[in-house]
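As a plain string of letters, each chain reads:
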Protein chains: 2
Amino acid sequence: MTTPALPARILLGPGPSPVDARVLRAMSRPVIGHLDPLFLDIMDEVQELLRYVFQTSNRLTIPISGTGSAGMEAALVNLLEPGDTAVIGIHGVFGERMADMAERLGARVVSVRAEWGRPLDLEAIEDALRRERPRLLALVHAETSTGVHQDLKNLGRLAHRYDALLVVDAVTSLGGMPVRVDEYGIDVCYSGTQKCLSCPPGLAPITFSERAVERLGTRRRKIQSWYLDMSLIEKYWGAERSYHHTAPISMIYALREALRLVREEGLEARWRRHELNHRAFVAGIEAMGLEMFVAREHRLWSLNTVCIPEGVDDQRLRKRLLTHYNIEIGGGLGPLKGRIWRVGLMGAGSTRENVMLILEALRESLHAEGIHCPSGREAAERVYQA
Amino acid sequence: MTTPALPARILLGPGPSPVDARVLRAMSRPVIGHLDPLFLDIMDEVQELLRYVFQTSNRLTIPISGTGSAGMEAALVNLLEPGDTAVIGIHGVFGERMADMAERLGARVVSVRAEWGRPLDLEAIEDALRRERPRLLALVHAETSTGVHQDLKNLGRLAHRYDALLVVDAVTSLGGMPVRVDEYGIDVCYSGTQKCLSCPPGLAPITFSERAVERLGTRRRKIQSWYLDMSLIEKYWGAERSYHHTAPISMIYALREALRLVREEGLEARWRRHELNHRAFVAGIEAMGLEMFVAREHRLWSLNTVCIPEGVDDQRLRKRLLTHYNIEIGGGLGPLKGRIWRVGLMGAGSTRENVMLILEALRESLHAEGIHCPSGREAAERVYQA
């Protein structure tokens, strides 16, 4: 290596999240062929572990060979045809992205909007379903741009009542908050590897219900994307093992190891850990006199959005965190640029140590900006003691 | 790790190819953020190194966040709109794949076909260009399914004479055989990382000429794929650094290291190495009394196709190579299944040691099938001595 070693950043932004050394080591194992019998066993294990984290028995449960956005595109391009109607919930960047993708595919998009920072309204969704009888309802469970948690309970039943498929973006929740695909009646759910699963970015876990698989068979036209065509991809991941594209071997090693870590911890224990560290962080932030962007009952555990106090230079403060503390946090996107910070406590990054560290680093960095806050650490500590 | 270590396979199939330990180590470095200033430097280095291996000064030269087939889809989805005509050369699986992709995008595909195992005919291509005046001409430089090398000289001039863009698939040639993008007048050229670049699979290097970039600006409709929209992707890789999707950080580390190895060896020296090992392998195969599938003047250096002798059980022999020798070679695809073997000597796998090993392992495995060949090693040795 001719360049100096990269510093091990403390990744407390909206992703990627910190990656366990076991996962990094798995990635550095020798590459084998994508049709090697040993690799086929690894694929089977990955599918089994993904069913566990998605809480589903869906046969078609695999990682797409692309990042979370490729998972989003795979969901939409497989289910939608030109002229289909899609009801899409939009309350942040990722809902907007879904609508953009669906329109590019020639679908008619009916959007149900909520203010950024607020969840979508169930009645507005039902009105749209009743009026439009769409092919699908798509929305974001964990809006990474705002920190809002969208309650998923009853949404499957609602969508199915109007003969629509339910598509859910769980990029920033899978592995960190409950995503019970079968119980919620989700037809297609996708995620990314670099959030609460704490694997490097590059794969998009996705699962299709039988209802969604049936949809593939009733299309009038071929799926516009060959690369994301699930009817071809499932022949490689399923019993036929027929070549589609060369699987990203090393990333699959990494994902297997990351998923094993989830299973070893236990999914419910992992959710509780994310919840606890989130609550401690919020207690600290509020004790410092800062304000959370999202109302208490709609906050994600994995991604915390904090309002930037008046008079603070967003860029300068984040640069200070990076250069003085080696900590990455995220800024706001679009209309929230300069208005919020996004603090991720995801996967291996969701620890008491990180909560204490970021609270103190924020306090000191705000001080450097001329804003004097009390420490938030005692308040956080009380959450852990309780 | 709870499972036994994977054996380090000797990868002499159609890809993935063997990966240098330096590249594996690079991949296991700590993950940093996709907007971290340190990562932006790495991106710049990767782009510069890709320009070198593509032999181009094209500004828009980046790795797509998907495998080689995602590169193919990126080329076509960015250039084609519904109703456009595409002339596509088809003389193997990957030409067929291009045509399938273009049709899915709503383009009218005019195919120029050659028998599998033969190159495309330049006159037939020119006839099609003259008659159809297509948006683009697309063909495969190195047909991984047949082992045929398509001469690229003059193709750019030819395509441009008829106002068509030239798209070239260099998945199995880039880094192992001359791919001089600027000199040949190629408008879009893409590859995969897991062939002659000897990086794990997962990224697709791609380059767009200024003429191809202009095409993006004259489209009537948005690009159907958001994930592969080069006008958005270039904003992240270019000066704006605006977020599109989370880059696959660890794979980019790996690609940088793999490209550094190419630069250290020197591109021309690397081409010569691939040529020499190919010639030695062929001399050995022919001395054994076996037959190459492709005529001498049209053979790839990176992927050798060998006719399977009458009476040999293809699957059994390849299984023997894998279990007795730890060697992976490829079988034939589609109509060539059971008729040819595909022996890759790509990237780090293109060595004298591997040539000698596979010749001997083939001889012994054929013996087990009841076919008695002389050794090919002396003939190969003579090539190295010459």
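Residues numbered from 1 in each chain as written. Chains lettered and ligands numbered in written order. Predicted model: local features only at pLDDT ≥ 70, side-chain atom pairs only at ≥ 80, totals over all residues.

**Considering the overall build of chain A**
- Looking only at helices and strands, one finds 14 helices and 14 strands in chain A.
- For chain A, the C-alpha radius of gyration of 21 Å lies close to 21 Å, the compact-globule estimate for 386 residues.
- When the backbone C-alpha atoms are referred to their principal axes, chain A occupies close to 65 × 55 × 40 Å.
- Within chain A, the fraction of its 386 residues that count as buried is 57%.
- Taking contacts inside chain A between residues at least 6 apart in sequence as the whole, the part at least 24 apart equals 73%. (Helix = DSSP H or I, 4+ residues; strand = E, 2+ residues; numbered from the N terminus. Rg over C-alpha atoms; globule rule 2.2 N^0.38 Å. Buried ≥ 20, exposed ≤ 12 C-beta atoms within 10 Å, placed from the backbone. Contact = placed C-beta atoms within 7 Å.)

**Some thoughts on the interface of chain B and chain A**
- Facing the 50 residues of chain B at the interface are 50 residues of chain A.
- When residues of the side of chain B that touches chain A are traced back to their parent elements, those giving at least two are helix H1 (21–27), helix H3 (68–79), helix H4 (93–104) and helix H10 (249–265) of chain B.
- In terms of residue class, the side of chain B that touches chain A is made up of 23 nonpolar, 17 polar and 10 charged. (Nonpolar A, V, L, I, M, F, W, Y, C, P; charged D, E, K, R; others polar.)

**Here we look at the relation of the copies chain B and chain A**
- Between the two copies, chain B and chain A, the superposition gives an RMSD of 0.0 Å; the rotation angle is 180 degrees and the shift along the axis is 0.0 Å. Expressed as a symmetry operation, the mapping of one chain copy onto the other fits a two-fold axis.
- Most of the interface of chain B is mirrored in chain A: 100% of its interface residues are interface residues there too. (Least-squares fit on C-alpha atoms with pLDDT ≥ 70 in both.)

**Concerning helix H10 (residues 249–265) of chain A**
All names here are of chain A.
- Here H10 is 17 residues long and its end C-alpha atoms lie 25 Å apart, about the 24 Å a rise of 1.5 Å per residue gives.
- In terms of burial, H10 is a largely internal element, 12 of the 17 residues being buried.
- What H10 keeps buried is the set Ile249, Ser250, Met251, Ile252, Tyr253, Ala254, Leu255, Arg256, Glu257, Ala258, Leu259 and Val262.
- Just beyond H10, the residue with positive phi is Gly266, at close to 95 degrees. (Expected span 1.5 Å × (residues − 1).)

**Quick look at the environment of B:Ser225**
- Considering the arrangement of structural elements, one finds B:Ser225 in the loop between helix H8 (210–217) and helix H9 (230–237).
- Between the alpha carbons of B:Ser225 and B:Arg316 there is a distance of 42 Å; along the sequence they are 91 residues apart.
- Not counting residues within four places of it along the chain, the set of residues in contact with B:Ser225 comprises A:Glu73, A:Ser225 and B:Val77.

**Regarding the packing of helix H12 (residues 314–325) of chain B against helix H13 (residues 352–368) of chain B**
Residue and element names in this part refer to chain B.
- H13 packs onto H12 with a crossing angle of 125 degrees between their chain directions and a minimal axis gap of 10 Å. Relative to H13, H12 is oriented oblique. Handedness of the H12/H13 crossing: right-handed. Contact with H12, carried on its side by Leu317, Arg320, Leu321 and Tyr325, involves Ala361, Ser365 and Ala368 of H13 and no other residues of that element.
- Broken down by class, the residue content of the contact of H12 with H13 amounts to five nonpolar, one polar and one charged. (Axes fitted to C-alpha atoms, helices over the stretch in contact; angles between N-to-C directions. Parallel < 35°, antiparallel > 145°, perpendicular 65-115°, else oblique. Left-handed = near helix turned anticlockwise from the far one by under 90°.)

**Considerations on the sheet that holds strand S14 (residues 340–344) of chain B**
All names here are of chain B.
- Pairing is antiparallel across the open sheet formed by three strands, whose spatial order is S11-S14-S13. Only two strands of the sheet have a single neighbouring strand rather than two, namely strand S11 (303–307) and strand S13 (330–331).
- The pairing of S13 with S14 spans two bridges and is classified as antiparallel. Across the sheet, the residue bridging to Gly331 is Trp341, located in S14. (Pairing = 2+ DSSP bridges.)

**Here we look at the domain arrangement of chain A**
All names here are of chain A.
- In terms of domain boundaries, chain A breaks down into domain 1 (21–264) and domain 2 (266–385).
- Each of domain 1 and domain 2 has a C-alpha centre, and these two points are 28 Å apart.
- Residue-level contacts link 24 residues of domain 1 with 23 residues of domain 2.
- Its residues placed into classes, the side of domain 1 that touches domain 2 shows 12 nonpolar, 11 polar and one charged. (Domains from an automatic or database assignment.)

**Things to note about the sheet that holds strand S9 (residues 188–190) of chain B**
All names here are of chain B.
- One open sheet accounts for seven strands, arranged S2-S10-S9-S8-S5-S3-S4; its pairing is mixed. Each of the sheet's edge strands pairs with one partner strand only, and the pair in question is strand S2 (60–64) and strand S4 (108–113). Looking at each pair of strands side by side, their axes are set apart by 15 degrees on average, direction ignored.
- Note: strand S3 (residues 85–90) against S4, six bridges, orientation parallel. Note on S4: the bridge partner recorded for Val87 is Val110.
- Each of S2, strand S8 (165–169), S9 and strand S10 (204–208) is contacted by H8, which is oriented at about 110 degrees to S8, the strand it contacts most.

**A look at unusual backbone geometry**
Residues and elements named next belong to chain A.
- Between Gly15 and the following residue, Pro16, the backbone shows a cis peptide bond with an omega angle of 0 degrees.
- Within the secondary structure, Pro16 is located in the loop between strand S1 (10–11) and helix H1 (21–27).
- Located in the positive-phi region is Arg133, a residue other than glycine, with phi close to 45 degrees.
- Topologically, Arg133 is positioned in the loop between helix H5 (122–132) and strand S5 (136–140).
- For Arg133, a count of 12 C-beta atoms within 10 Å gives the class exposed.
- One non-glycine residue, Asp163, lies in positive phi territory at about 65 degrees.
- Summarising the element assignment, Asp163 is placed in the loop between helix H6 (155–161) and strand S8 (165–169).

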